[in-house]
Amino acid sequence: MATSVEPAPPPTPTPAVARHAVAREVGVYAAAILAALVLIAILLLLAGANPLVAYGTILRSSLGSLGGFGQTLNKATPLVLGALAVAFAMRGGFLNVGVDGQIYLGAICATGVAFALGTGAPALLAVPLVLLAGVAGGALAALPAALLRAVWGVNEIFVTVMLNFIFLLLADYLATGPWNDPLAGEAISRPIAAATQLPPLMPQAGTHPGILIALLVAVVLAWVLNRTRLGYSIRAVGDNPIAARVGGIAIGQIAVAALAVSGAVAGLAGAIEVSGYHQRLIVGISPGYGYMAILLAVLGKQRPLGVVVAGFAFAVLLVGSDSLQRSVRLPQSAVLVFQAIILLTILFAEAMRTGGTGRLLGVVRRRLA
Amino acid sequence: MVVAASGIAMRGISKRFGDVQALAGVDFALRRHGVHVLAGENGAGKTTLMNVLAGLYQPDAGEITVDGRPLRIGSPRDALDAGIGMVHQHFELVAPFTALENIVLGKEGGGWRLRKREQRRDVEALVERYGLAVDLDARVRDVSIGVQQKIEILKALFRGVDVLILDEPTTHLTPQEVDGLFSTMRQLLDGGLTVVLITHKLREIRGIGDRVTVMRRGRVVGTLERAEATEARLVELLMGARGSGGAVVAAAAPTPARGAPILELVHVSSLTDHDRPLLDDCSLEVRGGEVLGLAGVAGNGQRELAEAIVGTRPISSGRLRVGGRDLTRAPVRDRLLAGVAYVPEDRLREGILPRLSLAETFALGPHHALFKGRWLFDERRVRKLAAEAIEEYRVAAPNERLPTARLSGGNIQKVLIARAMLLAGMAEAAVLVAMNPARGLDIGTTQFVHRRLLALRDRGGAVLLMSEDLDELMRLSDRIVVMYRGRIGGQFAREDFDPYRIGALMAGTGENSPAEEALAVLGKNGRGDER
Amino acid sequence: MSAELFVDPQLLRLTVAIAAPFLLAALGELLMERGGVLNVGIEGMMAVGAVVGFLGTWGSGGSYLVGIGAAMLAGGLLSLILGCYAISLRGQQITAGLGLLVFGLGLASLLYRAAVGVELAAPRIQVLPSVAIPGLARLPVLGEVLFSHDLLVYGAFLLVPLVHWLLFGTPLGLRLRACGDNPRAADTLGVNVVALRYGATAAGGLLIGLAGAYLPLAITGGYSDGMVGGRGWIALMLVILGRWLPWAVVGGALLFAYVEALQFRLALVTKAVPPQLLLALPYLLAIVVLVRVYRGAQAPAALAVPYDREARG
């Protein structure tokens, strides 16, 4: 038998080459962020502000003082949790655009349980129950989308988006109606009992322990993704759902699991916002966290660690912009614009770097049709 | 190198894709009129070279001259303007459009209205002239591959090409349709066209070529006139004068009395949403220690059959048994655990996890058995198994953490075969379902794959080999059945293998065709002779 | 509350009027998707269209033309951002679309505040006047329901046969549909896939911007954050519901418009039902409809798949 003709194997990437590739990727990211900062600076100029002063204000108010830092940690909590929620589902190729709705239903359930417990229960019992109610509420909010996806293949993007509006309206109804606090304002509920509120982490800074919970969740989700069968299945489905199916993975079950967990994490964020931050159910509990969460999940490359870092960065931006609002008359919506600019510049930069070859499998295409 | 006064000359063409040098300084001269065969094994660069000529790829170096004038072919449109048209291996047709719409697309005659009537007349004239019978109002997704090919040819003719490149045109055709294609080619030649035929099949090279250019590994290794193209000389050029590298041929199965049936399909049918039968009363059985070959032209239900066995397609009626256990309604996972190992035809789409590591792709499927009943996914164990497989199957990869998509097609197939073998090894009774396992692979890897299939058979496993390559089937199978229009019929024992009789069943056209008669005589039963 | 409430001519007339923005946005998205580009940022683009349309009209002292023109331009520009990313850079269209959505929502709010500042009374403009079609407007029921609307409504409905003819009766439409289904096939025949996709994307953006402008110009007379209220998402769904066919999209648009119109009516009539529940009706309907839609919808095969001429296999 003659020796077989084998094609030459692909050149083995040496460690130097691998490091070079990583450096290039980081470089592209940095260049994109720089471009974004320039674009934002232009916007600031148009609004009549000095960009350098503005950037300075942002950093100082969010990191420079204890109170500011505490606020940053508070704001980071729902951002990180929301982003973790989106990222977890995204690893499976599912797009949960309903984090807002899940935050609301989680907040609603948490408030409801808090009201039910009243002043009777001890904090050690009450607080975990309230948080658990949020988890359950969030999972429940995501369940319709999850089930419709699993059973009929209905795209979860639409369902979750529609549910956003529905749960927002539900919260609106409760906060203006049955749970309303006539002394506080139109769309604000009565306060929850002290025993059901999260104890402060750094009282001088006004920080609640939500950030620690968020970090814990990040660790847990990372472990689930990398060390469990469920995580493997989710990642496989996200990479190639057809091959996953041929490999015996029940896509419907994975969809339900991924979306339910995703919703649960978002619901937890809602509960923390009620229990730790506002101590009430208010209609503005999520000023667009849902959309921000998606941006963050993409920026953090869908990895728990990346998402935590990105979430913290956005929190800096959020808190900093709050103080900018006062000094430069920049509305809150400006933050959304800044975040979107950052995302778009990074998307563009990455696409230009990879030369734009369409991905092997039209996973995106299958999502919709 | 003499530049031909008339004809097309390609000089010094080079093209690189990432790490792969697909073409390295290729010279190719095409004389007008006649059939020029471009031959070589899979991966030799034939299609790439013609894609450059047809304007799909831009060469990194080299030039093209047409009738002595240098020409820059920057897009498919430039090629068409120069009179060069190509019918690709995978047709480029818009499925929901009709045949006529596909033919006139891009050359609708200008203006704001679609001139349906005038164009129909023009196309019908071409149909007449070249004998390409096509229903112009049929939607492309509803017609057979043979008809689709005719539409592709009409597309080129409609644009007045005088050079037509055919890339592996006989891949999906029955022997009878191949004859039809060659007669069409003769009509084209009569009409003054020049035809370039890309093929790797020896039979075709010798049958019709006036000239043959042989390529290997991105270079031209020789050009022969018809008279010089003896089989020996061709084989020498194709394989590289290192011996014939003889194809693997199966020895007779070791045990004459074969094992118990491992895979049984009993009157299995599967319907579409609109109640169209994709599988119609299919019965077959594969015993331990045998290779059952399933012949058929693509699109006759093979894919659906594989899906029904694997579990990704529901069975509407009938029974499926593996190792005696009824798995008709079982989910894919249970079938994998029972020993159904699948090597899909479309490796990239159905087989691998492209961005995840090789180890993680390798685990997909076996992981149910490896981690049965447990929540944790032991990555270290998976990596160890993958590393062993890489070693044993000589997969060209630096380690098991490489993203799977970085491997070449041949190496991916090795991984898939290794995975199937792992799965088979973990079950009591195993059946390997392999669909076109050697498609697109070079000789060496093909031999490797075939050897592994036979090894499983020799160990007592059952192999269901589905292939469109009759040669492959005849070399490896112990029995052959034919699939046609969702039905399984015909039953050929090894001694009775006859490509033309099998081909007739594969085509199965007409009321009183030999195929129908054969089917009637042999019955629709695909079971073994032994009772 | 009687059954007549549900088929009252006033209600039906309102339905037709409210259907216009759904229809315009859906037709715009339909053109884009027929070319193979998926835009999930409709909501954000409509928001920008709304604010630009409003500010253009308000700032020019009441010129609708300026407002409409500016809104269409804004929509076109935003869609080209997506187009560049999707067509030339071949990126993931859903992610970019969502980014564009957020950008649009934020930008709309930002522009409004920057232009209007902090005023006690929100600025308002006169809504578009309705133009009765002579003769037809006098018909008993149909006259009121169909033939006494503002020009944008007529325009929106007239666009339907126009888009249909464009897609199915012209060579341009044939080529565009080919780009959305099998761009490689079109490319090998010399069709300029890139140009057609950009063209369809831009055209779609113009319509989506116009759809956004309709809201302040013809319905409310002012701008407020969140006024798009999910219409962009519903328009996205209408395209699938209508199986990418212009005439079928009209049906879906009318359905949702009817529910929205009904909601206004019911809120006036009953106090028993909480207003939030009524407001939730369109979204609930959307979910129900979605489930029905996911049976055999034939998307353009190359929708959201980037085209690379030199890609292998």
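Here, every reference points to the structure presented above.
The rules behind the values
- Residues numbered from 1 in each chain as written.
- Chains lettered and ligands numbered in written order.
- Predicted model: local features only at pLDDT ≥ 70, side-chain atom pairs only at ≥ 80, totals over all residues.
- Helix = DSSP H or I, 4+ residues; strand = E, 2+ residues; numbered from the N terminus.
- Buried ≥ 20, exposed ≤ 12 C-beta atoms within 10 Å, placed from the backbone.
- Contact = placed C-beta atoms within 7 Å.
- Axes fitted to C-alpha atoms, helices over the stretch in contact; angles between N-to-C directions.
- Parallel < 35°, antiparallel > 145°, perpendicular 65-115°, else oblique.
- Nonpolar A, V, L, I, M, F, W, Y, C, P; charged D, E, K, R; others polar.
- Pairing = 2+ DSSP bridges.

Draft legend 1. Expanded view of the overall build of chain B. Per the secondary structure count, chain B includes 19 helices and 20 strands. With 531 residues in all, chain B has 49% of them scored as buried. The long-range share in chain B, meaning contacts at least 24 apart out of those at least 6 apart in sequence, stands at 69%.

Draft legend 2. Broad picture of the packing of helix H7 (residues 210–227) of chain A against helix H8 (residues 229–239) of chain A. Residues and elements named next belong to chain A. For the pair H7 and H8, interaxial distance at closest approach is 5 Å and the crossing angle is 75°. In terms of orientation, H7 and H8 fall into the roughly perpendicular class. Where H7 abuts H8, its residues Val224, Leu225, Asn226 and Arg227 lie against Leu230, Gly231, Ile234 and Arg235. For the contact of H7 with H8, the residue count by class is four nonpolar, two polar and two charged.

Draft legend 3. Molecular detail of helix H9 (residues 302–310) of chain B. All names here are of chain B. Within H9, eight of the nine residues are buried, which leaves the element mostly enclosed by the surrounding structure. When H9 is considered as a whole, its buried residues turn out to be Gln302, Glu304, Leu305, Ala306, Glu307, Ala308, Ile309 and Val310. A positive backbone phi angle near 115° is found at Gly311, which sits one or two residues after H9.

Draft legend 4. Just the interface of chain A and chain C, in detail. Tallying the contact residues gives 43 residues for chain A and 43 residues for chain C. Elements represented by at least two residues in the side of chain A that touches chain C include exactly helix H5 (123–152), helix H6 (156–176), helix H11 (289–299), helix H13 (333–353) and helix H14 (363–368) of chain A.

Draft legend 5. Seen up close, the sheet that holds strand E6 (residues 84–87) of chain B. Residues and elements named next belong to chain B. Pairing is mixed across the open sheet formed by six strands, whose spatial order is E6-E7-E8-E3-E9-E10. Whereas interior strands pair on both sides, the edge strands pair on one side only; in this sheet they are E6 and strand E10 (219–225). Across this sheet, the average inter-strand angle for adjacent strands is 20°, counted without regard to direction. Note that strand E9 (residues 211–216) and E10 share six bridges and pair antiparallel. Paired with Met215 across the bridge in E10 is Val220. Packed on one face of the sheet, helix H5 (residues 145–158) meets E6 and strand E7 (163–167) and runs near 170° to E6.

Draft legend 6. Just the environment of Ala338 of chain B, in detail. Residues and elements named next belong to chain B. Relative to the helices and strands, Ala338 is located in helix H10 (residues 332–338). Ala338 sits 15 residues away from Gly323 along the chain, and the two C-alpha atoms are 7.8 Å apart. In this structure, Ala338 is in contact with Val322, Gly323, Arg325, Leu327 and Ala427, ignoring residues within four places of it in sequence.

Draft legend 7. Structural detail: the pairing of strand E20 (residues 487–493) of chain B. All names here are of chain B. When you tally the buried positions in E20, you get six out of seven residues, the bulk of the element. Summarising the sheet, strand E19 (residues 479–484) and E20 pair through six bridges and their orientation is antiparallel. Its bridge partner lying in E20, Ile480 is registered against Phe492. Where E19 hands over to E20, the hairpin turn is made up of two residues, of which Arg485 adopts a positive phi near 50°.

Draft legend 8. Seen up close, the sheet that holds E20 of chain B. Residues and elements named next belong to chain B. Pairing in this open sheet of six strands is mixed, and the strands run E16-E17-E18-E13-E19-E20 from one edge to the other. Edge strands, defined here as strands with exactly one partner in the open sheet, are strand E16 (340–343) and E20. Strand after strand, the sheet turns through a mean of 20° between neighbouring axes, direction not considered. Of the pairings in the sheet, the one linking strand E13 (residues 290–295) to E19 comprises four bridges and is parallel in character. From the neighbouring strand, Leu294 faces E19, where its bridge partner is Val481. Contacts between helix H16 (residues 443–458) and the sheet are confined to E13, strand E17 (431–435) and strand E18 (462–467), with E18 contributing the most and set at about 150° to the helix.

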